[in-house]
Structure formats: C-alpha cells, structure tokens
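This is what each chain is made of:
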Amino acid sequence: FPSHDITYKHYAFLEKLLTNPAIAKNFAKGKNYESMEIQTILDQMINFWKTYNFGIFVVYHDQRPIGLGGFKYVMEYNSVELLYCIDTEFSGRGFASIIAKDLVLMGLNQFKLPEIFGIALAENEPSIKILQKSGLFFMEKRIFADHSYLVFKISNQNYNHQDFKNIQEINL
C-alpha cells in the first residue's frame, strides 16, 4: 500500500480515528482522545520521525487514507511496538493484516530492529490473529487499567541488539 510519513496535514484523519469509539476501545486508554491530546500525539509522532527516521505512516488505498501503521518506542519493554489502526469503513477487508505483515518485514529488514512487539486486548480476537499471522509469538498477559492485554513479540535473530535508551516514548 502507498503510505506517507505522518505530518500535520493528517490531523483531521488522526482525529477521525482517535475519536471513533469503535476504534478507541482497543487503545490502551480504552476511550476516545480529546483534541488537545490528539495534537500532542501528532506532535510526538512527527518529532519521532524527525529524530529516528521511522515511526507512524498514514496508509492509503485508492488515494484515500484508510489507516495508520508503524512503530513507537515503549520504554517499559525497551523495544518498538507494532501499531496499526484501520478506519472502520475499511475494516474486515484484510488491510490490517497486510499492513502489519509489511511493517514487521520492514522493521526487521529495513530498520534492522532487534525485536518488535505487539499488544492486543485479550478479547480482541481479530487483532490477536493479525499479530500471529505477522509472525509474532505470545509472550505474556498483562493487566492495564482494568483490562487484560496479550503481548506478542518477534525477534530479529540476524541482528545484534540495538540500544534503544536514547529513543523517546510516544504516549498513545
């Protein structure tokens, strides 16, 4: 799929995704984001790109934005998390699976990430299947904000572990 680094011109699309209750229920926060939070998140995503030359992409289909995909650093795991989010208008068509698989390959091969992890709500079976189809293996179950999450991971065996200590976390 064609994709573009996220920029300020994508604010309205990001806002559409992050304020959609059907999508937001799957975020760690478990609910919609407010406008001020969305601007902060967008600022962090853009700064991450400027600093590390990778991050969140806006994914297009037929010249329309359909979702987000990419990576964010998570300090707790000292690792990079695989992220994907599809507009509900396009969900159920396999786009998230394709995006996730492509991102895993890109992360391991192009960006030479030593490992990638993904998180899904324990009851979010479609997301769990996407992570598994993308090659990630179950690592652990976590409780956060009264919700059960499953953590999956894939390691790049052909790469010496990169030090992520200087990467800043984006708080989604």
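How each quantity is defined
- Residues numbered from 1 in each chain as written.
- Predicted model: local features only at pLDDT ≥ 70, side-chain atom pairs only at ≥ 80, totals over all residues.
- Heavy atoms only, no water.
- Helix = DSSP H or I, 4+ residues; strand = E, 2+ residues; numbered from the N terminus.
- Buried < 20%, exposed > 50% of the residue type's maximum accessible area, 1.4 Å probe, protein only.
- Contact = heavy atoms within 4.5 Å.
- Phe/Tyr/Trp six-rings, centres within 6.5 Å; stacked < 30°, edge-to-face > 60°.
- pLDDT = per-residue confidence, 0-100.

### Topic: the side chain of histidine 10
Here is step 1 of the chain: By secondary structure assignment, the location of histidine 10 is in the loop between strand 1 (3-5) and helix 1 (11-18).
Here is step 2 of the chain: Residue class for histidine 10 comes out buried when judged on its relative accessible area of 4%.
Here is step 3 of the chain: Beyond its immediate chain neighbours, meaning those up to four positions away, histidine 10 contacts His4, Asp5, Val58 and Tyr60.

### Regarding the packing of aromatic side chains
Here is step 1 of the chain: Enumeration according to the criterion identifies ten aromatic pairs in this entry.
Here is step 2 of the chain: When the ring of tyrosine 77 is compared with that of phenylalanine 117, the centres are 4.5 Å apart and the planes differ by 40 degrees; the resulting orientation is tilted. One end of the pair, tyrosine 77, is in the loop between strand 3 (64-74) and strand 4 (79-86); the other, phenylalanine 117, is in strand 5 (residues 115-121), and 40 residues separate them in sequence.
Here is step 3 of the chain: Aromatic pair phenylalanine 138 and phenylalanine 152: ring centres 5.8 Å apart, planes at 75 degrees, arrangement edge-to-face. With phenylalanine 138 in strand 6 (residues 137-144) and phenylalanine 152 in strand 7 (residues 147-155), this pair connects stretches of sequence that are 14 residues apart.
Here is step 4 of the chain: An aromatic cluster is present here, built from Phe48, Tyr52, Phe54, Phe71 and Phe111 joined pairwise through their rings.

### Digging into the confidence of the model for the protein chain
Here is step 1 of the chain: Put simply, the protein chain has an average pLDDT of 86, and 89% of its residues get 70 or more.
Here is step 2 of the chain: Contacts for the low-pLDDT stretch residues 158-172, under 50 throughout, to residues beyond four places or in other chains number 36 contacts.

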